[in-house]
Amino acid sequence: MLDRPEKTRELIATLEAAVPFEVTLMPDLIAYRARQQKPVVFKPMETVSKVFYLGDMGGISCGIQPAESDNAIVVSLTHVRVPRKLPFAAAVFDYQKHRVKKLKQQGDT
């Protein structure tokens, strides 16, 4: 099991209550989306409009719809950065750190 069920439920509830909130997209994600067959242009800072839980394998994800686009994406919470000033930033960082560690452990087996 990758996620800690109780902590994950608490974080999802916190994030859902905070929607909409801004996140910084990782540069690799922006570049990847720009190279797609139907490219979507993202700014480094985008607004999360929905929070999803894609199960233990997908984790917590964010729905993002750029202002100048009809296209939206769902991106893992591990591929965005939450501004430190937000009250839940530390909880997001802890989730990201734990999830990345568990994913790396799975890859090593």
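Summarised in this report is the structure supplied together with it. (Residues numbered from 1 in each chain as written. Predicted model: local features only at pLDDT ≥ 70, side-chain atom pairs only at ≥ 80, totals over all residues. Heavy atoms only, no water.)

**Digging into the packing of aromatic side chains**
- Here the structure, examined in full by the defined rule, presents one aromatic pair.
- Summarising the aromatic geometry, the rings of F21 and F88 are spaced 5.2 Å apart at their centres and angled 75° between planes, so their arrangement reads as edge-to-face. Here the residue F21 occupies a position in strand β1 (residues 21-25), and F88 occupies one in the loop between β5 (80-81) and α4 (89-108), the gap between them amounting to 67 residues. Of the two residues, F21 and F88, both sit in the buried class. (Phe/Tyr/Trp six-rings, centres within 6.5 Å; stacked < 30°, edge-to-face > 60°. Helix = DSSP H or I, 4+ residues; strand = E, 2+ residues; numbered from the N terminus. Buried < 20%, exposed > 50% of the residue type's maximum accessible area, 1.4 Å probe, protein only.)

**Examining the nonpolar core**
- L15, V23, L25, I60, I64 and L77 are the most contacted members of the largest nonpolar core, which has 24 residues in total.
- Elements with a contribution of two residues or more to this core: α1 (5-18), β1, α2 (27-34), β2 (45-53), β3 (60-64), β4 (73-76) and α4.
- The contacts of L15, once residues within four sequence positions are left out, are F21, V51, I60, L77, F88 and V92. (Core = buried A, V, L, I, M, F, W, Y, C linked by side-chain atoms within 4.5 Å. Contact = heavy atoms within 4.5 Å.)

**As for the environment of L29**
- With respect to the element layout, L29 can be found in helix α2.
- For L29, a relative accessible area of 16% translates into the label buried.
- The spatial distance from the C-alpha of L29 to the C-alpha of V19 is 21 Å, given a sequence separation of ten residues.
- When near neighbours in sequence (up to four residues on either side) are disregarded, L29 contacts V75 and H79.

**Points about the environment of N71**
- Topologically, N71 is positioned in the loop between β3 and β4.
- When the C-alpha atoms of N71 and P39 are compared, they prove to be 9.4 Å apart, with 32 residues separating the residues in sequence.
- Every residue in contact with N71, bar those within four places of it in the chain, is listed here: V40, Q65 and P66.

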